[in-house]
Amino acid sequence: MAFVLGAGLSHAISPRLPLTDELGNLVRARVPEAAARSARGFRGGYFEAWLSRLAEPQPDLLDHDNASNYGLFLRVLVEIHRIVQERQLEALTGEPPWWLHRLLGLMHTSSADVITFNYDTLIEHTLEVSRHGEWPTGERSRASRLTRDVPPVYRPPATYFETTGETFRLMKLHGSLDTFWAAGDRTGATIQRWESAGGWGDPRTGDEARRRQALPGRGPFIVPPAAAKSSFYSNPVTRELWRSAAEALRAAEQVALIGYSMPPTDLVTSGMLIDALGGREVLVDVVNPDPDSLVSRLVAFGVAADDITTVPTVENYVNELEGRTARRIADQLATADPTRSLLVATSSHAAARVTAVHRTGDTVRLDIETVTDLHTTTRKLHNHDQLVVGTATLLEELKPGERIVVGYPDGDEAAIVSTGQWDTPIGLGDGRWTVLVPSAIAGPAQ
C-alpha cells in the first residue's frame, strides 16, 4: 500500500501547522513586498499559482522584472521555512494524537511506501516515541531509517550512530526542515540532512552554529508549493526520490491520499499521479473533508469511480483502515497453535502478557499486564503467581471477520493488525508464544 500525505495531515496532527493558502498569508504578514504583490491575500489555492509566476522566468516580463521576481521568490522561501519551523515547535509542546501512533503502526506493519509533500518532521518525531521495531528481537525502528538515507544524513568522522530496525519508507518530495543544500546545486552533492533535535514534549531547534560549521554555505532545502519547480528537480537526489515515488504508486494496489488536494497548479505531481493511477485497477482512499473536486479529477484521470472511497477526517480513516486490517487477523489465527501462550508486542522493547480475553459485541478484547520489554514480561519469577492465557482461550471467543482489540490503562485502544511467533528456551511455560501485534502500544516510556 502507498500513502500520499499533504498539508491536511499535518494540520490534523496540529492546527498550528498551516494549510497552503494560510501559509501564504502568514508570509504576506512578514514580507512587505509579498503583501504589496498580493493585495487581496491568498485563497482557493492562489498562493501556489502566485509562487509559480515568481519562481520561473515569464515571457511577458523583461529580464530585470524576472530577476526581481526570483529575488522575492527566494525571500519568500526563507520565510516559509521559518514559519513552518516555528509552528512545528509550537505543535511539539504537546503530545501526538493517539490516532497518529496507530496510523504509523499500520504503515510500519505493512512496510508501506509513504510519499509526503510536507516540510515538517512530525512523522519522524512520532516514530521515535512509537516503539515499533523488527520482530521479534531486532532493533527498535528509528526515524533515521525512514528516508533510507536519501538524502544522506551528515555523519561526522568517528561518530557512533544508533542502529535501527526496518520500518516503512518515507519519501519527502518537497524537501524537509532537516535538509540543507547549496542553492542551485545540480550535482546534488551538497544536499544533506541534519539530525533533528528535540521531539514531542521537548520542542527545540538544533545547534545552528554547529550545523553551519559542518554544512557551510548551505540553506534550507525545501521545494516551494509552486507548479513550475523544474529548477529544483535538476539534481540526482530529487530525481531519485520522485522516481522511487512513481514506482511505488505504480506498484500499489491501494493508494491513500491523506490531506492532499492535488491542486491544479501542481502540474508535476498531477502528471505523476495520472501516469501511476490512470487506466488501471487500483483502490484509492481520499481522506479530505471536501473531496468532490479531487474525486472528479481522479475520475478524469481514469480511476474508476467505484474504486474511490472518501473519508472526511484522518482519525475516521485510521479507524476504518485499522478495522479492515484487523478483520483479516481472525482468518490468520484460525490455524494458530492453540497450545501457545499469548503475548502483545510491537517489538522486543515493548511487550506484555495477555491476562484475560472477553467479548464486547462483535469485538474480542484483551487485558494485558503492564507494558515492559519482551524478556521481562516472559521471565519466570519464583514465588509469584504469573497469569498466562493460552491461544486456545482466544480462539474459543474469536469468530471469522471479528476484530481483536487491546485496551490500555489510560483508556486508549488499538486493534491487533499483525501476528507472529516467538520461541525461547527459558521463561514462563514452555517458552512458545503467539505474538499479537497492535497498531500502537501504550505504557511506561522505554
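Only a predicted model underlies this, so the values are computations on that prediction, with no experimental measurement involved.

Cut-off values and rules
- Residues numbered from 1 in each chain as written.
- Predicted model: local features only at pLDDT ≥ 70, side-chain atom pairs only at ≥ 80, totals over all residues.
- Heavy atoms only, no water.
- Buried < 20%, exposed > 50% of the residue type's maximum accessible area, 1.4 Å probe, protein only.
- Helix = DSSP H or I, 4+ residues; strand = E, 2+ residues; numbered from the N terminus.
- Pairing = 2+ DSSP bridges.
- Axes fitted to C-alpha atoms, helices over the stretch in contact; angles between N-to-C directions.
- Parallel < 35°, antiparallel > 145°, perpendicular 65-115°, else oblique.
- Contact = heavy atoms within 4.5 Å.
- Nonpolar A, V, L, I, M, F, W, Y, C, P; charged D, E, K, R; others polar.
- Core = buried A, V, L, I, M, F, W, Y, C linked by side-chain atoms within 4.5 Å.
- 1 Å grid on protein atoms, 1.4 Å probe; cavity = no way out; pocket = protein on both sides within 12 Å on 5 of 7 lines; lining within 4 Å.
- Points joined across faces, edges and corners; volume = space filled by probe spheres on them.
- Phe/Tyr/Trp six-rings, centres within 6.5 Å; stacked < 30°, edge-to-face > 60°.
- Lys NZ or Arg CZ within 6 Å of the ring centre and 35° of its normal.

Glancing now at the pairing of strand β1 (residues 2-5). Neither face of β1 is exposed, since Ala2 and Val4 on one face and Phe3 and Leu5 on the opposite face are all buried. As defined by bridge partners, β1 adjoins strand β7 (residues 254-258) across four bridges and the pair is classed as parallel. Within β7, the position partnered with Phe3 by the bridge is Ala256. As paired elements, β1 and strand β2 (residues 113-116) share four bridges and run parallel to each other. Counted as the bridge partner of Leu5 is Thr116 from β2.

Our next topic: the packing of helix α6 (residues 98-109) against helix α7 (residues 122-130). Remark: α6 packs on α7, axes separated minimally by 10 Å, with the N-to-C direction vectors making an angle of 85 degrees. Judged by the angle between their axes, α6 and α7 are roughly perpendicular. Where α6 abuts α7, its residues Leu100, His101 and Leu104 lie against Ile123, Thr126, Leu127, Val129 and Ser130. In terms of residue class, the contact of α6 with α7 is made up of five nonpolar, three polar and no charged.

Here we take up the environment of Thr179. Position of Thr179 among the secondary structure elements: in strand β4 (residues 175-181). Residue Thr179 is classed as buried on the basis of its relative accessible area, which comes to 2%. Separated by 27 residues in the primary sequence, Thr179 and Pro152 place their C-alpha atoms 9.2 Å from one another. Thr179 has contacts with Pro151, Ile191, Gln192, Arg193, Gly219, Pro220 and Phe221, leaving out every residue within four places of it along the chain.

This part is about the sheet that holds β4. Within the open sheet, the three strands sit side by side as β5-β4-β6. Their pairing is antiparallel. The two strands at the open ends of the sheet, each matched to only one other strand, are β5 (192-193) and β6 (219-222). In terms of strand pairing, β4 meets β6 through three bridges, oriented antiparallel. Bridge pairing in β6 links Trp181 to Gly219.

This part covers the nonpolar core. Of all hydrophobic cores here, the largest spans 89 residues; its most connected members are Phe3, Ile80 and Leu298. At eight residues, the largest contribution of residues to this core is made by helix α5 (residues 63-91). Filtering out sequence-adjacent residues up to four positions away, Phe3 remains in contact with Leu103, Met107, Ala112, Asp113, Val114, Ile115, Ala256, Ile258, Tyr317 and Leu321. Core analysis: the next-biggest nonpolar cluster, separate from the first, contains 27 residues, Leu366, Tyr408, Leu436 and Ala442 among them.

Before going further, it helps to examine the layout of surface pockets. Within this model, the largest pocket holds a volume of roughly 1100 Å³. Residue lining of the largest pocket: 43 residues in total, with Ala7, Leu19, Thr20, Gly259 and Ser261 positioned closest to the centre. Where the lining of the largest pocket is concerned, the elements lending two or more residues are α1 (7-13), α2 (20-30), α11 (292-301) and α12 (314-333). Split by residue class, the lining of the largest pocket holds 20 nonpolar, 15 polar and eight charged.

Enumeration according to the criterion identifies 13 aromatic pairs in this entry. Where Trp181 meets Phe221, the ring centres are 4.8 Å apart and the plane angle is 70 degrees; that geometry is what we call edge-to-face. Taken together, the positions of Trp181 in strand β4 and Phe221 in strand β6 put the pair 40 residues apart, joining distant regions of the chain. The pair formed by Trp181 and Phe221 is uniform in burial state, with each residue classed as buried. Through a chain of ring-to-ring contacts, the aromatic side chains of Tyr70, Phe73, Trp181, Phe221 and Phe232 assemble into a single cluster. Between the NZ or CZ atom of Arg211 and the centre of the ring of Phe180, over which it lies, the distance is 4.0 Å.

By themselves these figures say nothing about function.
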